[in-house]
Amino acid sequence: MASQDWFDKDFYKVLGVSKDVTEADLKKQYRKLARQFHPDSNPGDASAEAKFKEISEANSVLSDPEQRKEYDQIRAMGSGARFTAGGQGQSGGFEDVFGGMFGGGGARGGGASNANYSYQQAGYDDLLGGMFGGSQGFGQPSGGFRGFGGPTRGRDISARTTVDFVTATKGDTIKLQTSEGGTITVKIPAGVSDGQKIKLRGKGEKSPDGGETGDIVLTVSVRKHPVFERDGLNLRVNVPVTFVEATLGATIEVPTLGGDPVKLRVAAGTPSGRVLRVKGRGVETAKGTGDLLAVVQVAVPSHLSDEAREALEAFHALEPNENPRAELLAKAHE
């Protein structure tokens, strides 16, 4: 970044924050704007891409405590300062700002040898070194002023992958192919949910000038399981029971994810929809372990033999004369 940018650009205004904004609020605001103007969210929109670059530039300075301090100091010197490249018989310098420090126009009006003496031999290299990121004054191997923004960070890359239900629940290590034909190894943590994002640090776009490599932001989609559903850290499964089992009580087998079935006792008179809990057989993560929730579903036979129908009709004649919908109807009129 050219030094003049720090005089002319109000990075606080670019990000829409005050000059005393905290690091946490600054990060929150930057993320909000980055999502809004990211090129992936605005394909083909040149103005959005330009805005994204502008807010990224502002954040790269203000998010670094040292650079932010230097930026505030430079801005406090006044917007009237101008950086000059230097012509014949002049050395480059900061007009108005450093002119008085180096004895009026002496540093600007002399030749190269005078400039070197003014900036370095007279002891001003420490002053400039602190402002431009080193004790070497203006000279940098990159040819730029690294204190002003430093190298550009590589862009983040958005990617998607789909994993099966067991992988998402128990975790695993998978390999993904990059657009360049290479492969990267990704650790899927146990308990990852559908739509969750995983950040792969340093796997994104490389910096054009030797800066930090960007990240890959991986969105994980989870395939549905034919039996189990996620309920937070719990696993939910619908378990059919017969009318007789629900009425008289029974011991039934319930499947578990990736393990042997467990036996559960269904109490006599269990209604459809009652939840039977198996402790510790849900999703196991570093934050805790869920349970297996077995939801009882009373199965109604679609075909009855003549003998079964007669037996059921005989039972109906003997069952209590109660209307199971009486309470529902009463509450509907409240």
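Structural notes, computed from the coordinates. Nothing here was measured: the structure is a model prediction, and the numbers come from that model.

1. Details of a nonpolar patch on the surface
Side chains of Phe243, Val244, Leu248, Leu304, Leu312 and Phe315 sit close together on the surface and give an oily, nonpolar patch of about 540 Å² of accessible area. Those elements that provide at least two residues to the nonpolar patch are helix H10 (243-248) and helix H11 (306-318). No other element matches the three residues that H10 contributes to the nonpolar patch. The residue leucine 304 is located in the loop between strand E15 (292-299) and H11 in this model. Accessibility expressed as a relative area gives 34% for leucine 304, which makes it partly exposed.

2. Remarks on the nonpolar core
Among the nonpolar cores identified, the biggest contains 34 residues, and Val186, Ile252 and Val254 are the most heavily contacted of them. With 17 residues, the next largest nonpolar core counts Leu26, Leu33, Ala48 and Leu62 among its residues.

3. Structural notes on the pattern of salt bridges
All told, the structure shown has 10 salt bridges when counted by the stated rule. With a closest N to O distance of 3.9 Å, arginine 153 and glutamate 212 form a salt bridge. In this pair, arginine 153 sits in the loop between helix H8 (125-131) and strand E3 (157-163) while glutamate 212 sits in the loop between strand E6 (197-200) and strand E7 (216-222), placing the two residues 59 residues apart along the sequence. In this structure glutamate 212 comes out as exposed when scored by relative accessible area, which is 52%. Between lysine 331 and glutamate 327 there is a salt bridge, with the nearest N and O atoms lying 3.3 Å from each other. Here lysine 331 pairs with glutamate 327, and both are found in helix H12 (residues 326-332), just four residues apart, close to one helical turn.

4. Structural notes on the pairing of strand E4 (residues 172-177)
Pairing of E4 with strand E5 (residues 183-188) involves six bridges; the strand directions are antiparallel. The residue bridging threonine 173 from the neighbouring strand is lysine 187, located in E5. If you look at the hairpin formed by E4 and E5, you'll find five residues sitting between the two strands, and glycine 181 has a positive phi there, around 95°.

5. Some words on the layout of surface pockets
Considering only enclosed or pocket space, the second largest pocket measures out at about 270 Å³ in volume. What lines the second largest pocket is a set of 13 residues, and nearest its centre among them are Ile157, Thr178, Ser179, Glu180 and Ile216. For the lining of the second largest pocket, the elements supplying multiple residues, two or more each, are E3 and E4. Residue contributions to the lining of the second largest pocket peak at three residues, all from E3.

6. Observations concerning a positive patch on the surface
Together, Lys27, Arg31, Arg35 and Lys199 give the surface a local cluster of positive charge. Considering each element in turn, the positive patch owes the most residues, three residues, to helix H3 (residues 23-37). Relative to the assigned elements, arginine 35 resides in helix H3. The exposure class of arginine 35 is exposed, given its relative accessible area of 58%.

7. Here's the deal with the packing of H3 against helix H4 (residues 46-62)
Between H3 and H4, whose axes approach to 9 Å, the crossing angle comes to 160°. One finds that H3 runs roughly antiparallel with respect to H4. H4 is crossed by H3, and the crossing has left-handed handedness. Of the residues in H4, those touching H3 at Leu26, Tyr30, Leu33, Ala34 and Phe37 are Ala48, Lys51, Phe52, Ile55, Ser56, Asn59 and Leu62. When the residues that make up the contact of H3 with H4 are grouped by side-chain class, the tally is nine nonpolar, two polar and one charged.

8. Focus: the sheet that holds E3
Pairing is mixed across the open sheet formed by three strands, whose spatial order is E3-E7-E6. Edge strands, defined here as strands with exactly one partner in the open sheet, are E3 and E6. Going from strand to strand, the sheet's axes swing by 30° on average, the running direction of each strand aside. Taken together, the four bridges between E6 and E7 define a ladder with antiparallel strand orientation. Bridge pairing in E7 links lysine 197 to threonine 219.

9. Side note on the pairing of strand E8 (residues 228-231)
Sheet analysis places E8 next to strand E9 (residues 234-242), joined by four bridges and oriented antiparallel. Each residue of the ladder has a partner; that of glutamate 229, found in E9, is arginine 236.

10. Regarding the sheet that holds E8
The sheet built from four strands is open, its strands ordered E8-E9-E15-E12 with mixed pairing. At either end of the open sheet lies a strand with only one pairing partner, and these are E8 and strand E12 (275-278). Each strand axis lies, on average, 35° off the axis of its neighbour in the sheet, ignoring direction. Where E9 lies against E15, eight bridges are found, and the strand directions are parallel. Within E15, the position partnered with threonine 242 by the bridge is alanine 299.

Conventions and cut-offs
Residues numbered from 1 in each chain as written. Predicted model: local features only at pLDDT ≥ 70, side-chain atom pairs only at ≥ 80, totals over all residues. Heavy atoms only, no water. Patch = residues over 30% accessible without salt bridge, like charges linked within 9 Å, V, L, I, M, F, W, Y side chains within 5 Å. Areas by Shrake-Rupley, 256 points an atom, 1.4 Å probe, with all protein chains shown as cover. Salt bridge = Lys/Arg side-chain N within 4 Å of Asp/Glu carboxyl O. Helix = DSSP H or I, 4+ residues; strand = E, 2+ residues; numbered from the N terminus. Buried < 20%, exposed > 50% of the residue type's maximum accessible area, 1.4 Å probe, protein only. Core = buried A, V, L, I, M, F, W, Y, C linked by side-chain atoms within 4.5 Å. Pairing = 2+ DSSP bridges. 1 Å grid on protein atoms, 1.4 Å probe; cavity = no way out; pocket = protein on both sides within 12 Å on 5 of 7 lines; lining within 4 Å. Points joined across faces, edges and corners; volume = space filled by probe spheres on them. Lys, Arg positive; Asp, Glu negative; His and termini not counted. Charge placed at Lys NZ, Arg CZ, Asp CG, Glu CD. Axes fitted to C-alpha atoms, helices over the stretch in contact; angles between N-to-C directions. Parallel < 35°, antiparallel > 145°, perpendicular 65-115°, else oblique. Left-handed = near helix turned anticlockwise from the far one by under 90°. Contact = heavy atoms within 4.5 Å. Nonpolar A, V, L, I, M, F, W, Y, C, P; charged D, E, K, R; others polar.

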